Amino acid sequence: DIWEDFESNGTGTGLVGKYGWAIGPIGTITVSRPAPPNDSWDTVGVIRMSSGAGATDGGSIRLGSGGAALALGPPPAGVQFAVRVSNSGAVTTNNTTWFGLVSLPVLAPTTAAALSFIGIRSLSAGSTVNYFGVVKNGAASETTRDLGVLANVTWRVPGFRVTATGIQFQLDGVDVGTEVT
């Protein structure tokens, strides 16, 4: 089991958390760890990533230097993945967000990208969009499930679980849509 709260180790780029996750820039990025308010647990362990003005600016938080997880084949039944996330400010109308298992973590798993990806994605270009569950196996070959909520400032916990026959996407711990087989 891996459970990470990102409360230990350094700030900014470099290694964070008890497992030594690498924060790596893609283009221009600013990384910070906001101090939580004294009356709320909302931002404890939060890592804030702010991108530059470039269309492909961003960052990744990953274990290891590459996407070795998907090189080993699909994850076995019983694997669960979830991230607590909030997009802030103007990024909700011109932003690409993704998290999950990806074959090459330094590229965005867009529809056209030749990557393998199991996870959550929002692709916004001038308007707000929902979070989608995505199972992707190569360029332009993907299956999506709309999670039914905007990728906005509201804290959400999207994720997935691997069943005996496929991938079941979830939102706040509740199954959403049909299983991707």
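Note that the coordinates shown come from a computational prediction; the quantities given were computed from them, not determined experimentally.

(A) Quick look at the sheet that holds strand β12 (residues 167-171). Spatial strand order, β6-β11-β12-β13: four strands in an open sheet with antiparallel pairing. Of all strands in the sheet, those with a lone pairing partner are β6 (80-82) and β13 (174-175), marking the two edges.

(B) Molecular detail of the nonpolar core. One finds F99, I120, Y131, L147, F160, I167 and F169 to be the most contacted residues of the largest nonpolar core, which totals 15 residues. Those elements that provide at least two residues to this core are β8 (116-123), β10 (142-150), β11 (158-162) and β12. Tallying contributions element by element places β12 first for this core, with three residues. If you look at the next biggest cluster of nonpolar residues, it comprises five residues, including A113, L115, F117 and V134.

(C) Quick look at the sheet that holds strand β7 (residues 96-102). With antiparallel pairing, four strands are arranged side by side in an open sheet as β7-β8-β9-β10. Every other strand in the sheet has two partners, leaving β7 and β10 as the edge strands with one partner each. Adjacent strand axes in the sheet meet at a mean angle of 20° when their direction is disregarded. Sheet topology note: the strand β9 (residues 130-137)/β10 ladder contains six bridges and is antiparallel. Each residue of the ladder has a partner; that of F132, found in β10, is D146.

(D) Highlighting the packing of aromatic side chains. In the structure shown here, the tally under the stated rule is three aromatic pairs. Ring centres 6.3 Å apart and planes at 70° place the aromatic pair F160 and F169 in the edge-to-face group. Residue F169 is classed as buried on the basis of its relative accessible area of 0%. Taken together, the ring pairs in this structure connect F81, F160 and F169 into an aromatic cluster. Above the plane of the ring of W155 lies R84, whose end atom (NZ or CZ) is 4.2 Å from the centre.

Definitions and cut-offs
Residues numbered from 1 in each chain as written. Predicted model: local features only at pLDDT ≥ 70, side-chain atom pairs only at ≥ 80, totals over all residues. Heavy atoms only, no water. Pairing = 2+ DSSP bridges. Helix = DSSP H or I, 4+ residues; strand = E, 2+ residues; numbered from the N terminus. Core = buried A, V, L, I, M, F, W, Y, C linked by side-chain atoms within 4.5 Å. Buried < 20%, exposed > 50% of the residue type's maximum accessible area, 1.4 Å probe, protein only. Axes fitted to C-alpha atoms, helices over the stretch in contact; angles between N-to-C directions. Phe/Tyr/Trp six-rings, centres within 6.5 Å; stacked < 30°, edge-to-face > 60°. Lys NZ or Arg CZ within 6 Å of the ring centre and 35° of its normal.

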